[in-house]
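# Fold and contact review
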Amino acid sequence: MTEATRGPHTRAHRTQAERREQTRTALLDATIDCLVEIGYARTSVQEICARAGVSKGAVQHHFSAKAELMAAAVAHLTTKLKSQLAASLGTLPSGADGIPTAIDLLWEGYSGTLSKAVTELWVAARTDPELRAAIRPVDRALGRATMEHITAVAGDLPRERAEILFWLTVNLTRGLALDAELGGDPVRRKELLEEWKRIAVSFYRPDL
C-alpha cells in the first residue's frame, strides 16, 4: 500500500501508535532518571509523570503496577546496552587478544547509569517480592545475551571456561561499580581491573 492509497484511518492509527510509543519511552526514561538521581525510595509515580510530562492516567494505561514500570525501565536501558555491546564486541579479534578490550567494554556497560538504576532496584527487591519477580527476568536476559557475544570473542576457549570468564568478569565489574558508588579509590579499581585482565588472558594457558 502506497502513501497515496492509505486512508485517513490508517494514518490516524499509525500516528496514535507513535504517540503511545513516545509516551511509553518518556515514562521509561523518566523512571531511569529518577532512580539514578533520587533513588528508588523517593521515586514516586507522580514524580515520574512530572518528569515525563504526562498524566498519571498515562502510566496506568501502559503499566499495571509500579514494579512493572520499574522492570520495563531497566529492560529499556538494557536493550540499549545490549545493542551497544553487540556492536562493540563484534569488532574485536577472537581469542586472547580480544579479551582485555572485552573486559573494558563489560566494565563500561555494567557501571554508570545501568549500575545505579539496577542497584537501586535490587536493594528494594530484597524486601519486595513483586519487584524481585519483575526485574529478575530482565537481568537474566541481559546476562544471556551478553554471554553469547563474549563466548564468540573467546574464540577457541572451551565454552565452559568462556562462561566462567564471563561471570567472573560480570561479578567483578558489578562489585567495582558498587565500590565506585560508595566512594572507593578509583586508582585501586583500575589496578584491580588491570590485574583481572592479566588473569583472564591466562585462561588460554592449558596448564591453568
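A quick note: this is a predicted structure, and the numbers were derived from the prediction, not measured.

Glancing now at the confidence of the model for the protein. In low-pLDDT segments, the atomic positions of the prediction should not be examined closely. Summing up the model confidence of the protein, the mean pLDDT is 84 and the portion of residues at 70 or higher is 92%. Here helix α1 (residues 8–37) stands out as the least confident element of the protein, with mean pLDDT 80; helix α9 (residues 186–201) is the most confident, with 95.

Another point: the nonpolar core. Grouped together as the largest cluster of nonpolar side chains are 55 residues, with contacts concentrated most on L89, L121 and L131. Mapped onto this core, the elements with two or more residues apiece are α1, α2 (45–52), α4 (66–89), α5 (99–110), α6 (112–125), α7 (129–153), α8 (159–181) and α9. Among the elements that line this core, the one with the most residues is α4, at 11 residues. When neighbours within four sequence positions are excluded, L89 is seen to be in contact with A102, L105, H149, I150 and V153.

Tallied over the full model, the rule gives two aromatic pairs. The residue whose ring lies beneath R161 is F203, and the NZ or CZ to ring-centre distance is 4.5 Å.

In a regular helix each residue adds 1.5 Å, so 14 residues correspond to 20 Å; α6 covers 20 Å between its end C-alpha atoms and thus fits that length. When α6 is considered as a whole, its buried residues turn out to be L114, S115, A117, V118, L121, A124 and A125.

Looking now at the environment of E148. In this structure, E148 sits in helix α7. For E148, a relative accessible area of 42% gives the class partly exposed. Note: C-alpha distance between E148 and A133 (15 residues apart in sequence) is 24 Å.

The rules behind each value
Residues numbered from 1 in each chain as written. Predicted model: local features only at pLDDT ≥ 70, side-chain atom pairs only at ≥ 80, totals over all residues. Heavy atoms only, no water. pLDDT = per-residue confidence, 0-100. Helix = DSSP H or I, 4+ residues; strand = E, 2+ residues; numbered from the N terminus. Core = buried A, V, L, I, M, F, W, Y, C linked by side-chain atoms within 4.5 Å. Buried < 20%, exposed > 50% of the residue type's maximum accessible area, 1.4 Å probe, protein only. Contact = heavy atoms within 4.5 Å. Phe/Tyr/Trp six-rings, centres within 6.5 Å; stacked < 30°, edge-to-face > 60°. Lys NZ or Arg CZ within 6 Å of the ring centre and 35° of its normal. Expected span 1.5 Å × (residues − 1).

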